[in-house]
Amino acid sequence: MAPPGVWHTLAFALLAPAEAFTLHVGRTAPSPAYPLSMVATEPASSSVAVAERYVATNRFRVKQGREAAFEKRWADRKSRLGLLDGFRFFCMMRRCEREGYEDDINYVSCTVWETADAFNAWKSGDAFKEAHGGGTVGGIASMLIATAMNTKGKPKAAMWEGTLPVSIVPEAAPSAGWREVVADGESTLPGECYIAMNRFSVKQGHEGEFEQRFATRESTLKEFDGFKGFLLLRRDGKDPDGFTHSTFSVWKDEASFNKWKNAEKPKPPASTGDAGGPSNRNNIFERPPVPVFYEGILTLESAKGI
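Right, let's walk through the structure included here. (Residues numbered from 1 in each chain as written. Predicted model: local features only at pLDDT ≥ 70, side-chain atom pairs only at ≥ 80, totals over all residues. Heavy atoms only, no water.)

**Some details on the overall build of the protein**
Line of reasoning, step 1. Of regular secondary structure, the protein possesses eight helices and eight strands.
Line of reasoning, step 2. Expressed as a percentage of its 306 residues, the buried residues of the protein come to 48%.
Line of reasoning, step 3. Sequence separation of at least 24 residues holds for 83% of the intrachain contacts in the protein that already meet a minimum separation of 6.
Line of reasoning, step 4. Surface accessibility of the protein: about 15000 Å² in total, with carbon and sulfur atoms responsible for 53%. (Helix = DSSP H or I, 4+ residues; strand = E, 2+ residues; numbered from the N terminus. Buried < 20%, exposed > 50% of the residue type's maximum accessible area, 1.4 Å probe, protein only. Contact = heavy atoms within 4.5 Å. Areas by Shrake-Rupley, 256 points an atom, 1.4 Å probe, with all protein chains shown as cover.)

Below, the structure written as structure tokens:
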């Protein structure tokens, strides 16, 4: 069992502002960073933040030495993703090397949509076929062969509802459905953005309490150069990894993220004997949060931002 206050500190030291889990006992709470209408007014144990995005991800275990070939396959594909109704953001996330990862998932494709309906319209339309082998026997066969050569097993999908969005409008909107990026298959592509995620396993019945704490926090994200967008993700369905929520923040580069992280130092935990202290706050988690960091490549962003 983690010592009192450890889970509280981990939750903020990496990806959440210091106020995120503070209960403001005995003082006036700060102005919420999001409209209160975004959070249901039922008791905290059952209320949930309103979904304003839908995030579709696919997790890949790319074989060692095949990373550049995998990236080239994605760079060379035909797609009109950026021109589709409801599209907001795409990138292929390449996991940064860190010690202590629990799995060997090293690439994750991530597409942010305005709604689940927009995602389903893409999945059932011609644009999906075009991006997955063109819908021809030869194209599909080529895709399957490349998958077998580059990855270990089939990719695994993970779907999320995106809540509490914060986004910066990009300077330029996409002029095409897919970017033309030259990939030689020998060297991996340079990173174009930095993605930081902190994944949480919230106990059943405490989802609303967890989300409400984020909804009422004071956010300073937009004040920092290099910030691009933030979502609090809520799992759509279940997965063996056990994560129910995750923060998702996109930055120009790692230096921009670190500048924000170092400015948002968590406050020392209060006495564990107080009602609502860290020991009670930690009771909503099945285990400590698990951070993960990525370089984003092949990024594509709508005129509205993330």
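**A word on the nonpolar core**
Line of reasoning, step 1. Counting residues in each nonpolar core, the largest one holds 45 residues, and the members touching the most others are Met93, Ile195, Met197, Phe210, Phe248 and Trp251.
Line of reasoning, step 2. Element by element, the count of residues in this core is highest for strand β5 (residues 193-200), at six residues.
Line of reasoning, step 3. Core analysis: the next-biggest nonpolar cluster, separate from the first, contains 25 residues, Val62, Trp74, Trp122 and Val181 among them. (Core = buried A, V, L, I, M, F, W, Y, C linked by side-chain atoms within 4.5 Å.)

**Quick notes on the environment of serine 79**
Line of reasoning, step 1. By secondary structure assignment, the location of serine 79 is in the loop between α2 (67-75) and β2 (87-95).
Line of reasoning, step 2. Overall, serine 79 belongs to the buried group, its relative accessible area being 18%.
Line of reasoning, step 3. Among the polar contacts listed, one links the side chain of serine 79 to the backbone nitrogen of leucine 81, at a separation of 3.1 Å. (Polar contact = N/O pair within 3.5 Å; in protein donor to acceptor, adjacent residues only side chain to side chain.)

**Remarks on the environment of phenylalanine 293**
Line of reasoning, step 1. The topology assignment puts phenylalanine 293 in strand β8 (residues 290-301).
Line of reasoning, step 2. As for phenylalanine 293 and alanine 196, which are separated by 97 residues in sequence, their C-alpha atoms are 4.7 Å apart.

**Focus on the environment of aspartate 117**
Line of reasoning, step 1. Position of aspartate 117 relative to the elements: it lies in helix α3 (residues 116-123).
Line of reasoning, step 2. Judged by relative accessible area, aspartate 117 falls into the exposed class, the value being 61%.
Line of reasoning, step 3. Once the C-alpha coordinates of aspartate 117 and glycine 86 are considered, the two residues, 31 residues apart in sequence, prove to be 8.6 Å apart.

**Observations concerning the side chain of serine 256**
Line of reasoning, step 1. Positionally, serine 256 belongs in helix α7 (residues 254-263).
Line of reasoning, step 2. Other than its neighbours up to four places away in sequence, serine 256 contacts Asp225, Gly226 and Trp251.

**Considerations on the pairing of strand β6 (residues 227-235)**
Line of reasoning, step 1. Among the nine residues in β6, eight count as buried, and that is most of the element.
Line of reasoning, step 2. For strand β4 (residues 156-167) and β6, the ladder comprises six bridges, and the chain directions are antiparallel. Paired with glutamate 161 across the two strands is arginine 234, which belongs to β6.
Line of reasoning, step 3. Relative to strand β7 (residues 245-251), β6 runs antiparallel, the two being bridged by seven bridges. Residue phenylalanine 227 lies in a different strand from β7, and its bridge partner there is tryptophan 251. (Pairing = 2+ DSSP bridges.)

**Overview of the pattern of salt bridges**
Line of reasoning, step 1. Per the stated rule, a full pass over the model turns up 18 salt bridges.
Line of reasoning, step 2. Across the salt bridge formed by aspartate 103 and arginine 95, the nearest N and O atoms sit 2.9 Å from each other.
Line of reasoning, step 3. Residue class for aspartate 103 comes out partly exposed when judged on its relative accessible area of 33%.
Line of reasoning, step 4. Two residues, aspartate 104 and lysine 152, come together in a salt bridge whose shortest N-O distance is 3.0 Å. Taken as a pair, aspartate 104 in the loop between β2 and β3 (107-113) and lysine 152 in the loop between α5 (137-150) and β4 lie far apart in primary sequence, 48 residues in all. (Salt bridge = Lys/Arg side-chain N within 4 Å of Asp/Glu carboxyl O.)

**Overview of the packing of aromatic side chains**
Line of reasoning, step 1. This model, assessed by the stated rule, comprises 22 aromatic pairs.
Line of reasoning, step 2. Relative to phenylalanine 257, the ring of tryptophan 251 lies with its centre 6.1 Å away and its plane at 70°, an arrangement referred to as edge-to-face. When sorted by exposure, tryptophan 251 lands in the same class as phenylalanine 257, which is buried.
Line of reasoning, step 3. In this structure, arginine 77 is placed above the aromatic ring of tryptophan 74, and the distance from its NZ or CZ to the ring centre is 4.0 Å.
Line of reasoning, step 4. The ring centre of phenylalanine 230 lies 4.8 Å from the NZ or CZ of arginine 217, which sits over that ring. (Phe/Tyr/Trp six-rings, centres within 6.5 Å; stacked < 30°, edge-to-face > 60°. Lys NZ or Arg CZ within 6 Å of the ring centre and 35° of its normal.)

Functional significance is not addressed by these values, which are geometric in nature.
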